[in-house]
Amino acid sequence: MMLAVDIGNTNIVLGVYRQRELLHHFRLSTARQSTTDEYGILIHNLFNMSGLSVKNVEGVIISSVVPPLVHVFVEMCVKYIGKEPLVVGPGIKTGLNLRYENPREVGADRIVNAVAAIERYQCPLVVVDFGTATTFDCIDGSANYLGGAIVPGIGISTEALYQRASKLPRIELEKPKKVIGRNTVHAMQAGIIFGYAGQVEGIVRRIKAEMNAPRLKVIATGGLAPMIAGETDCIDEVNSMLTLEGLRIIYDRNQ
């Protein structure tokens, strides 16, 4: 078995693979203060509850956008799994042709998503990842990674509205029945959900024009992808496991 770990600013997603088959996946809250031992115990418990054993893990791969947690997870893997993990970064074979001005600036999650999308879908394409930040990653018809756009995520935008506007409450991210809200909560939900869908449509439209690719395929991933994809026709497919799949592919390429 192989363990794939995607460390994001809000969540940590883990996937357990047997060759190409995803056996189980787990989603945890990112806790920057948690220790090696705490994460080790947590992963042991998750494995045991799923009928798995860490003794059967033959390898681990990690991608992270939270630098302080990389060392924590590397130590955890060595101590509790008995394996030195691969960490997505310089020196790792990805097979991705980066046309970025400074390739080292590209986040590990964006690289992993692009690798998976190229492997699974026909280029050209754009990957929209709805995470703490929402990223748009563009791949041309020759499978070159061109770059993209980064915007504040839905959660960040919602929290900022609550914190900076004294009379506005903290709300649940749910789709309202109508665009015209008849109370404050529904009005905020309408503005956030429908407004964000409109933002995605606008950016995708500009990307298609700039790449001269009107039939460019748009793939969405991330926790909130299904919600936004249901409010726009510019997203062709939602693939919630795209990042884990990219980690599996990169792991195989480095064996």
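The rules behind these values
Residues numbered from 1 in each chain as written. Predicted model: local features only at pLDDT ≥ 70, side-chain atom pairs only at ≥ 80, totals over all residues. Heavy atoms only, no water. Core = buried A, V, L, I, M, F, W, Y, C linked by side-chain atoms within 4.5 Å. Buried < 20%, exposed > 50% of the residue type's maximum accessible area, 1.4 Å probe, protein only. Helix = DSSP H or I, 4+ residues; strand = E, 2+ residues; numbered from the N terminus. Domains from an automatic or database assignment. Contact = heavy atoms within 4.5 Å. UniProt positions renumbered as here; feature names shortened; annotations may be inferred. 1 Å grid on protein atoms, 1.4 Å probe; cavity = no way out; pocket = protein on both sides within 12 Å on 5 of 7 lines; lining within 4 Å.

1. Observations regarding the nonpolar core
In step 1: Of all hydrophobic cores here, the largest spans 29 residues; its most connected members are Ala4, Ile61, Leu125 and Leu247.
In step 2: Only β1 (2-7), β2 (11-18), α3 (108-120), β7 (125-130) and α7 (242-253) provide two or more residues apiece to this core.
In step 3: Shared between two domains, this core holds at least three residues of each, these being domain 1 (2-87) and domain 2 (97-247).
In step 4: When sequence neighbours within four positions are dropped, the list of residues in contact with leucine 247 reads Ala4, Val5, Asp6, Ile61, Ile62, Ser63, Val88 and Val112.
In step 5: One finds Ile192, Val200, Ala220 and Ala229 within the second-largest nonpolar core, a separate group that totals 26 residues.

2. Observations regarding the UniProt feature "binding site: substrate" (unreviewed entry) in the protein
In step 1: Per the UniProt annotation, the sites labelled "binding site: substrate" (unreviewed entry) are Tyr100, Gly107, Ala108, Asp109, Arg110 and Thr184. In terms of the greatest pairwise C-alpha distance, the residues named above, spread along 85 residues, do not form a single cluster, extending to 42.7 Å across. Residues from the named set that contribute to the lining of the largest pocket are Gly107, Asp109 and Arg110.
In step 2: With respect to the secondary-structure elements, alanine 108 resides in helix α3.
In step 3: Excluding anything up to four places from it in sequence, alanine 108 contacts Ser63, Ser64 and Val88.
In step 4: With respect to the helices and strands, arginine 110 occurs in helix α3.
In step 5: Residue class for arginine 110 comes out buried when judged on its relative accessible area of 5%.
In step 6: Excluding residues that lie within four positions of it along the chain, arginine 110 makes contacts with Tyr100, Thr135, Phe136, Asp137, Tyr145, Gly147, Gly148, Ala149 and Ile150.

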